[in-house]
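So the chains spell out like this:
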Amino acid sequence: MNKVFYVMKFVNPLKKRVENNLWILFIIFAYTIIFSTYTVIKHYTFKTWAWDLGIFVQSLSSTLQGKPFYYTVEMQTKHTTNFMSIHPSAIFFFILAIYAIYPHPETLLVLQSFILALGALPIYWMARDQFSDNRLALLPAILYLAYPPLHGVNCYDFHYEPFFSTFLLFALYYLKKKAWFKGGIFLVLAMLVMEWVQVITMFVGLYLIWIHRSEIISELKNRRWKSPYILVPTAIILSSLFILLSFLYIQKTLNPYHRPSDIIAITHTILSPKKILHALRHDLNIKLYYLLSIFGPLAFIPLLEPIELVPSTPFFVSILLYTRKAQYQIGDQYPAFILPFVFSATIKALSKINLSKPTLIKLMAVTTSIFVIMQSPLSTFAIGIYPPYVFG
């Protein structure tokens, strides 16, 4: 009898873990099907745009036909026909390999839905490792897939940003487990997605220095210069800087006329106190609604763990200083930059809360449901909240 008890003691948790693994795969598959169908139908009803699905389709198709990166959408506005001169990216070639199998816009829309859905997997793994009750590990993954800003990213044409978000989620998972090599691989993939994302990955390096500061101090005192606690964040910061400068060099070489107008505008704003005040006041109500849309669906739980949000500092500073509405409205691709940190903070905060009591879970279910009804592009109530290109 005792032997049966001890066997069951190990079998039951294993059985539950297998069931959870099957559930996470199922909800990833379900999300991919639902949003692939929705975005493809949108495309078939003439509700996709030259900016940006048309740009990607033409650039990829031209490359397959022997005219690398050629596109004409921004020939007049940005004085270039080379897409790589606007957004240098190594991930372009990965997308190209997938696109070559079936060179149609639908391939990109399905691929984007799958890449975003795949982000639920490292979120589930992080929750499984941090929660005392493994039965609740699926909760953050479900919240992620029901998250309206994610839906907005998914439903606006096709972009590079979803790749950055998912690669970074995998990187954070492995880095938190101190699986430095795997974490480094995914972080480098994130750095290679497009220009300027390296500023965020630099902050990931600073974040690692902070959370491992006691280990770093100890290693420095003992002169263990090759310790991963020292080498990893240093390598992240240096590689981010190298890749950023390389991408900016490619931009300048391919298109001497190209000027990153948004970055220039923010730099000018920072250098002038009057401009800072003007930028902060500009569309202040919309910016506050944007922050509500980021944290509200999660019942503001991420704010309990501000350290986890540190790598997203460049993003939040930029939206406060931008005066271009696209940068701070749900329905554009930009929330993808902060999804990893928002959900990392959510998981850590939830791991410290007693989730055995159903009150908090019910609260999060209610708030998420309200925001999904109000903001998800799948909801008829959301029309009028998103920019027109999300719906067409």
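Just so you know, these numbers come straight off a predicted model, no measurement behind them.

The rules behind the values
- Residues numbered from 1 in each chain as written.
- Predicted model: local features only at pLDDT ≥ 70, side-chain atom pairs only at ≥ 80, totals over all residues.
- Heavy atoms only, no water.
- Helix = DSSP H or I, 4+ residues; strand = E, 2+ residues; numbered from the N terminus.
- Rg over C-alpha atoms; globule rule 2.2 N^0.38 Å.
- Buried < 20%, exposed > 50% of the residue type's maximum accessible area, 1.4 Å probe, protein only.
- Core = buried A, V, L, I, M, F, W, Y, C linked by side-chain atoms within 4.5 Å.
- Contact = heavy atoms within 4.5 Å.
- Polar contact = N/O pair within 3.5 Å; in protein donor to acceptor, adjacent residues only side chain to side chain.
- Axes fitted to C-alpha atoms, helices over the stretch in contact; angles between N-to-C directions.
- Parallel < 35°, antiparallel > 145°, perpendicular 65-115°, else oblique.
- Left-handed = near helix turned anticlockwise from the far one by under 90°.
- Nonpolar A, V, L, I, M, F, W, Y, C, P; charged D, E, K, R; others polar.
- Phe/Tyr/Trp six-rings, centres within 6.5 Å; stacked < 30°, edge-to-face > 60°.
- Lys NZ or Arg CZ within 6 Å of the ring centre and 35° of its normal.
- Salt bridge = Lys/Arg side-chain N within 4 Å of Asp/Glu carboxyl O.
- Lys, Arg positive; Asp, Glu negative; His and termini not counted.
- Arc of directions from axis to C-beta.

1. Re the overall build of the protein chain
Next up, step 1: The secondary structure content of the protein chain amounts to 19 helices and zero strands.
Next up, step 2: At 22 Å, the protein chain has a C-alpha radius of gyration in line with the 21 Å of a compact globule built from 392 residues.
Next up, step 3: Expressed as lengths along the three principal axes of its C-alpha atoms, the size of the protein chain is roughly 80 × 60 × 45 Å.
Next up, step 4: Counting all 392 residues of the protein chain, 50% fall into the buried class.

2. Some remarks on the nonpolar core
Next up, step 1: If you look at the biggest cluster of nonpolar residues, it comprises 109 residues, and the most contacted ones within it are Ile24, Ile95, Leu108, Tyr144, Phe163, Val342 and Phe343.
Next up, step 2: The element best represented in this core is helix 8 (residues 161-176), accounting for 11 residues.
Next up, step 3: Every residue in contact with Leu108, bar those within four places of it in the chain, is listed here: Leu53, Phe56, Val57, Leu60, Ile95, Tyr99 and Phe158.

3. Quick look at the side chain of Glu308
Next up, step 1: Among the secondary structure elements, Glu308 is positioned in the loop between helix 15 (284-295) and helix 16 (313-321).
Next up, step 2: A distance of 2.7 Å separates the side chain of Glu308 from the side chain of Ser344, its partner in a polar contact.
Next up, step 3: If we skip the residues at most four places from it in the chain, Glu308 touches Lys176, Tyr207, Phe341, Ser344, Ala345 and Lys348.

4. Quick word on the packing of helix 8 against helix 9 (residues 180-191)
Next up, step 1: The geometry of helix 8 relative to helix 9 is characterised by a closest axis approach of 8 Å and an angle of 160° between their N-to-C directions. For the element pair helix 8 / helix 9, the angle class is roughly antiparallel. Helix 8 and helix 9 meet at a crossing whose hand is left-handed. On helix 9, the residues that touch Phe164, Phe167, Leu168, Phe170, Ala171, Tyr174 and Leu175 of helix 8 are Trp180, Lys182, Gly183, Phe186, Leu187, Leu189 and Ala190.
Next up, step 2: Partitioned by chemical class, the residues of the contact of helix 8 with helix 9 number 12 nonpolar, one polar and one charged.

5. A short note on the packing of aromatic side chains
Geometrically, a pair of aromatic rings is defined through the distance of the ring centres and the angle of the planes.
Next up, step 1: What the rule picks out here adds up to 26 aromatic pairs.
Next up, step 2: Relative to Tyr173, the ring of Trp125 has its centre 5.1 Å away and its plane inclined at 45°; by these criteria the two rings are tilted. Taken as a pair, Trp125 in helix 5 (residues 120-130) and Tyr173 in helix 8 lie far apart in primary sequence, 48 residues in all.
Next up, step 3: Through a chain of ring-to-ring contacts, three or more aromatic side chains come together here, namely Phe56, Tyr71, Phe83, Phe94, Phe158, Tyr160, Phe163 and Phe167.
Next up, step 4: Its end group placed over the ring of Trp210, Arg213 keeps NZ or CZ at 3.9 Å from the ring centre.
Next up, step 5: One cation-aromatic arrangement involves Lys287 over Tyr328; the distance from NZ or CZ to the ring centre is 5.1 Å.

6. A look at the packing of helix 2 (residues 50-64) against helix 4 (residues 105-118)
Next up, step 1: Their axes nearest at 10 Å, the elements helix 2 and helix 4 cross at an angle of 115°. Regarding helix 2 and helix 4, the two cross each other, and that crossing is right-handed. Along the contact surface, helix 2 presents Leu53, Phe56, Val57 and Leu60, while helix 4 presents Pro105, Leu108 and Leu109.
Next up, step 2: Split into classes, the residues belonging to the contact of helix 2 with helix 4 amount to seven nonpolar, no polar and no charged.

7. Here's the deal with the environment of Phe181
Next up, step 1: Looking at the element boundaries, Phe181 is found in helix 9.
Next up, step 2: Given the relative accessible area of 67%, Phe181 is considered exposed.
Next up, step 3: As a C-alpha pair, Phe181 and Tyr229 span 48 residues in sequence and 13 Å in three-dimensional space.

8. A word on the pattern of salt bridges
Next up, step 1: Counting across every chain of the model gives six salt bridges.
Next up, step 2: Taking the shortest distance from any N to any O, the salt bridge between Asp129 and Lys177 comes out at 3.6 Å. Here Lys177 lies in the loop between helix 8 and helix 9 and Asp129 lies in helix 5, a separation of 48 residues in the sequence.
Next up, step 3: Under the relative-accessibility criterion, Asp129 is labelled partly exposed at 40%.
Next up, step 4: Of the residues examined, Lys177 reaches a relative accessible area of 45% and is grouped as partly exposed.
Next up, step 5: Notably, a salt bridge pairs Glu219 with Arg224, separated by 3.0 Å at the nearest N-O pair.
Next up, step 6: Each of Lys176, Glu308 and Lys348 takes part in a single network of salt bridges with overlapping partners.

9. Side note on the side chain of Asp157
Next up, step 1: Considering the arrangement of structural elements, one finds Asp157 in the loop between helix 7 (148-155) and helix 8.
Next up, step 2: Comment: no salt bridge for buried Asp157; closest opposite-charge side chain is Lys42, at 4.7 Å.
Next up, step 3: Within the local environment of Asp157, its side chain forms a polar contact with the backbone nitrogen of Trp49, the two atoms lying 3.1 Å apart.
Next up, step 4: Within the structure, Asp157 has its side chain in polar contact with the backbone nitrogen of Leu53 (distance 3.1 Å).
Next up, step 5: When sequence neighbours within four positions are dropped, the list of residues in contact with Asp157 reads Thr48, Trp49, Trp51, Asp52, Leu53, Leu109 and Gln112.

10. Some thoughts on helix 3 (residues 91-101)
Next up, step 1: Every buried residue belonging to helix 3 is among Ile91, Phe92, Ile95, Leu96 and Tyr99, and all of these are buried. Burial along helix 3 is one-sided: seen end-on, the buried residues are contained in an arc of 140°.
Next up, step 2: Against helix 2, helix 4, helix 8 and helix 9 lie the buried residues of helix 3.

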